[in-house]
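The primary structure of each chain is shown beneath.
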Protein chains: 2
Amino acid sequence: MKIYVVGIGPGGEGYITPVAREAIEKSDVVVGYTVYVDLIKNLTGDKETKTTAMKQEVERCRMALEECLKGKDVAFVCSGDAGVYGMAGIMCEVAEDYPDVDIEVIPGITAACSGGAVLGAPLIHDFAVISLSDLLTPWEMIEKRISLAAEGDFVICLYNPKSKKRVTHLDRAVELIEKHRAGDTPCGYVKNIGRDGETGVICTLKELSGNDDIDMFTTVFIGNSSTKVINGKLVTPRGYKGV
Amino acid sequence: MKIYVVGIGPGGEGYITPVAREAIEKSDVVVGYTVYVDLIKNLTGDKETKTTAMKQEVERCRMALEECLKGKDVAFVCSGDAGVYGMAGIMCEVAEDYPDVDIEVIPGITAACSGGAVLGAPLIHDFAVISLSDLLTPWEMIEKRISLAAEGDFVICLYNPKSKKRVTHLDRAVELIEKHRAGDTPCGYVKNIGRDGETGVICTLKELSGNDDIDMFTTVFIGNSSTKVINGKLVTPRGYKGV
């Protein structure tokens, strides 16, 4: 009776670790958002799968718990890392009253790392990861974090920069960051990481504003005061005292 | 003529992605810190390897560049993710004058993710990653970042919390964080992630201070104001508006 909360990385099978693959293979049932379960069809084979549509996160956790309570081992898959804005936390919360349910979190490659690799090496020094989604977090708190991260000269990685409904949040973020960082600070963004149509773009901080190319499948990277572009790659030096 | 800068994850082969494995297998020579090259002995087989001792990062990059300039494909391996305090950045800097050298960064699982999974789900919400090593960064800058991250209620993940010479930096970090966060805030640390002797410990913020169990092979996690312990796991809820 075990639930593996499995991070499958950015997309393709090439980013799924052997440990994650094994957890999926040895489980009786695979639970997840339809799109992610589809991505690993080769691994699940004839195995029973249970899926829900987007945004039904709590529902999906209850589904995993229910299967587990029937005595099955469950692989609960999510994209990226299960622990970075992933399902590992809600799963623990939903299963709080069932201490006998054994939950094991299997890490995966999160978009900060996979997207960073596409652009070069933006996260070599201290960084902050912030989601611009204000669905469950007050926008004022998000603004505060953006400002403090900018003030601290952290490299900033933004998840969920836009959605169909949230179109101006990134522009506001750029505005706040520009109070502490030059408009020509090297930045970048990556779309469809590890999937068909993967694209990495290097640009400046001010070019992130009003940028229609950035959508909900994009991860945004904002350099610190030392970040530079070397041979087409976004690179943050590892220190402030030189190599 | 290509250099793959490959993140091999926390340790065992089970955390090396197929993409990373393939890059190592198709390279002519493997370059890296002796300990990491040893970790992947099964993968390198009879392949030529070139290693250096600890701290000779620039030397190692030069070695990789030199092999590449001889016309070889090089797998330059590092632990965790190649882009998080990893070698991807220095490699680009060292090869700056050789724009024809093709550098591809292959992401791996960084200690924030692999360690977070051992403890449960501490990084479900916005987080900051900070290294306490002041070898290349002025300590005042590190202190500033710790304070701003604490003020912003970021979950904080500390890399390099201690070394043989740096024994009091973590105590000072806790002192700074306590100005913004309660002493009984749930925290945790993980030693030897993904390797023999892996240990995860959940404790409070104040218990991180003067803690002799924490060493240079430890990653430290400091919860935000919502982080809690659920059935022995460190869990940060995904939002401030409840599940």
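Cut-off values and rules
All residue numbers here refer to positions counted from 1 along the written sequence of the relevant chain. Lettering of chains starts at A and numbering of ligands starts at 1, both following the order in which they are written. Only residues with pLDDT of at least 70 get local features here, since the model is predicted, and only at 80 or more are side-chain atom pairs given and counted; chain-wide, interface and lining totals rely on the full set of residues. With hydrogens and water excluded, all non-hydrogen atoms of the structure serve as input to the side-chain values. Residues below a pLDDT of 70 in either copy are left out; the C-alpha atoms of the rest, at least 70 in both, set the least-squares superposition of the copies. Any two residues having at least one pair of non-hydrogen atoms within 4.5 Å are treated as being in contact. Between N-to-C directions, angles cover 0 to 180 degrees, with each direction set by a line fitted to C-alpha atoms, over the stretch in contact for helices. Each helix corresponds to a stretch of at least 4 residues labelled H or I by DSSP, and each strand to a stretch of at least 2 residues labelled E; elements are numbered beginning at the N terminus. An angle counts as roughly parallel when it lies under 35 degrees, as roughly antiparallel when it exceeds 145, as roughly perpendicular when it falls between 65 and 115, and as oblique in every other case. Residues are sorted three ways: Asp, Glu, Lys and Arg are charged, Ala, Val, Leu, Ile, Met, Phe, Trp, Tyr, Cys and Pro are nonpolar, and all the rest, Gly among them, are polar. Confidence of the predictor at the level of single residues is given by pLDDT, which spans 0 to 100. Relative accessibility under 20% of the residue-type maximum defines a buried residue, over 50% an exposed one, and the middle range a partly exposed one, all with a 1.4 Å probe and only protein chains included. The criterion for strand pairing is that DSSP finds at least two bridges linking the strands in question. Think of it this way: Lys and Arg go in the positive column, Asp and Glu in the negative one, and His and the chain ends go nowhere. One speaks of a salt bridge when a side-chain nitrogen belonging to Lys or Arg is within 4 Å of a carboxyl oxygen belonging to Asp or Glu. Each polar contact in these results corresponds to two N or O atoms within 3.5 Å; when the atoms are within protein, one needs to be able to donate a hydrogen and the other to accept it, and residues that are neighboring in sequence are counted only if both atoms are side-chain atoms.

> Is there a simple way to think about the relation of the copies chain A and chain B in this case?
In this structure, two copies of a chain are linked by a rotation about an axis accompanied by a shift along it. Mapping chain A onto chain B is achieved by rotating through 180° and translating by 0.0 Å along the same axis, at an RMSD of 0.0 Å. Overall, the copies show the geometry of a two-fold rotation axis. Both copies contact each other with a shared surface, as 100% of the interface residues of chain A are interface residues in chain B too.

> Explanation requested: the packing of helix α7 (residues 139-151) of chain A against helix α7 (residues 139-151) of chain B in the structure shown.
Pairs of packed helices are described in terms of their axes, by the angle between the two and the distance that separates them. Packing of α7(A) against α7(B) brings their axes to within 9 Å, and their N-to-C directions diverge by 180°. Of the possible angle classes, the one that applies to α7(A) and α7(B) is roughly antiparallel. Together, A:K144, A:L148 and A:E151 of α7(A) and B:K144, B:L148 and B:E151 of α7(B) make up the contact between the two elements. Of the residues belonging to the contact of α7(A) with α7(B), the class tally is 2 nonpolar, no polar and 4 charged.

> Would you explain the confidence of the model for chain A in this entry?
Any region with low pLDDT has predicted coordinates that should not be read closely. Residue-level pLDDT values for chain A average 95, and 98% of them are 70 or greater. Across the interfaces of the predicted complex, the ipTM metric reaches 0.97, alongside a pTM of 0.97.

> Explain the pairing of strand β4 (residues 74-78) of chain B to me, please; I cannot follow it from the model alone.
Look at any regular strand and the pattern is simple: side chains alternate between the two faces of the sheet. Residue and element names in this part refer to chain B. For β4, the tally of buried residues reaches 5 of 5 residues, placing the bulk of the element in the interior. Burial along β4 is two-sided: V74, F76 and C78 facing one way and A75 and V77 facing the other are all buried. Across 5 bridges, the pairing between strand β1 (residues 2-7) and β4 is parallel. Bridging across to β4, Y4 finds its partner in A75. Where strand β2 (residues 29-33) meets β4, 4 bridges bridge the pair, whose relative direction is parallel. Note that in β4 the partner of V30 across the bridge is A75.

> Explain the side chain of A:K162 to me, please; I cannot follow it from the model alone.
All names here are of chain A. Mapped onto the elements, K162 comes out in the loop between β8 (155-159) and α8 (169-177). Buried charge without a salt bridge: K162, with D212 as the nearest opposite-charge side chain at an N-O distance of 4.8 Å. At 2.7 Å, the side chain of K162 forms a polar contact with the backbone oxygen of N211. With near-sequence residues (within four places) excluded, K162 lies in contact with V167, L170, N211, D212, I214, D215 and M216.

> Can you help me understand the pairing of strand β2 (residues 29-33) of chain A in this one?
All names here are of chain A. Of all 5 residues that make up β2, 5 are buried, and the element is covered over most of its length. Pairing of β2 with strand β3 (residues 48-52), which is carried by 5 bridges, proceeds in the parallel orientation. Residue pairing in the sheet places Y33 in a bridge with T52 of β3.

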